[in-house]
Amino acid sequence: MTTTQALYVLEVASSRSMSLAAQRLYVSQSAISQQILKLEQELGCALFTRTVYGLELTAAGERFCREARPVMDAWQKLCQDMQASNPEAKKQLRIGVGSR
């Protein structure tokens, strides 16, 4: 399991749509679908079911999201804290324009 896979599951669960999740995350729908399928195979259970109203979480999917949300929030906070503690990590791009 990767943090990317967990992020994809949480976003699909939130939007109830792989295409909407793909738009929000700036990735292809195929990439999300493939990663969720790999995760489901690794876990040995389905996380979503398709309905006429979109995707819905299975019982396993609900548990996954409940457990993954605090982990992903902590991961995001850690990444932000690390970036904030190292101002050198952010590079500035300067673009110069000549007189012509």
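As a reminder, the structure under discussion sits directly above these lines.
What you see is a predicted model, and the numbers here were worked out from it, not measured in a lab.

(A) Here's a closer look at the overall build of the protein. Helices and strands together make up the secondary structure of the protein, namely four helices and two strands. Ordered by position from N to C terminus, the α and β elements of the protein give α-α-α-β-β-α. Relative to its 100 residues, the protein shows a buried fraction of 25%. Across the protein, the fraction of contacts at a sequence separation of at least 24, relative to all contacts at a separation of at least 6, is 45%.

(B) Main features of helix α4 (residues 59-85). Here α4 contains 27 residues, and its C-alpha end-to-end distance of 40 Å stays within 8% of the 39 Å for a straight helix at 1.5 Å per residue. By the burial criterion, the buried members of α4 are G61, F64, C65, A68 and M72. In this structure, the buried side of α4 is in contact with α1 (3-15), α3 (29-43) and β2 (54-57).

(C) Main features of the nonpolar core. With 18 residues, the main nonpolar core has V9, V12, I32, I36, F48 and F64 as its most contacted residues. Elements with a minimum of two residues in this core: α1, α2 (18-25), α3 and α4.

(D) Inspection of the environment of A60 at higher detail. The topology assignment puts A60 in helix α4. Sequence separation of A60 and L47 is 13 residues, and the distance between their C-alpha atoms is 5.8 Å. Ignoring sequence-local partners within four residues, the contact set of A60 consists of C45, A46 and L47.

(E) Structural view of the pattern of salt bridges. What the rule picks out here adds up to four salt bridges. With its nearest N and O atoms 3.1 Å apart, the salt bridge here joins R16 to E56. Separated by 40 residues along the polypeptide, R16 in the loop between α1 and α2 and E56 in strand β2 bring together distant segments of the chain. Given a relative accessible area of 35%, R16 falls into the partly exposed group.

(F) View of unusual backbone geometry. The phi dihedral of R16 is positive, around 60°, even though this residue is not glycine. Even without glycine at this site, Y26 takes up a positive phi of about 60°. Mapped onto the fold, Y26 is located in the loop between α2 and α3.

(G) Summary view of the pairing of β2. As judged from the four bridges shared by strand β1 (residues 48-51) and β2, these two strands associate in the antiparallel manner. The residue of β2 that forms the bridge with R50 is L55. Linking β1 to β2, which pair antiparallel, is a turn of two residues.

(H) Main features of the packing of α1 against α2. Across the interface, α1 lies against α2 with an axial gap of 8 Å and an inter-helix angle of 120°. It follows that α1 is oblique to α2 by the angle criterion. Crossing handedness for the pair α1 and α2: right-handed. Between α1, through L7, Y8, E11, V12, S14 and S15, and α2, the contact on the second element is made entirely by M18, L20, A21, R24 and L25. In terms of residue class, the contact of α1 with α2 is built from seven nonpolar, two polar and two charged.

About the cut-offs
Residues numbered from 1 in each chain as written. Predicted model: local features only at pLDDT ≥ 70, side-chain atom pairs only at ≥ 80, totals over all residues. Heavy atoms only, no water. Helix = DSSP H or I, 4+ residues; strand = E, 2+ residues; numbered from the N terminus. Buried < 20%, exposed > 50% of the residue type's maximum accessible area, 1.4 Å probe, protein only. Contact = heavy atoms within 4.5 Å. Expected span 1.5 Å × (residues − 1). Core = buried A, V, L, I, M, F, W, Y, C linked by side-chain atoms within 4.5 Å. Salt bridge = Lys/Arg side-chain N within 4 Å of Asp/Glu carboxyl O. Pairing = 2+ DSSP bridges. Axes fitted to C-alpha atoms, helices over the stretch in contact; angles between N-to-C directions. Parallel < 35°, antiparallel > 145°, perpendicular 65-115°, else oblique. Left-handed = near helix turned anticlockwise from the far one by under 90°. Nonpolar A, V, L, I, M, F, W, Y, C, P; charged D, E, K, R; others polar.

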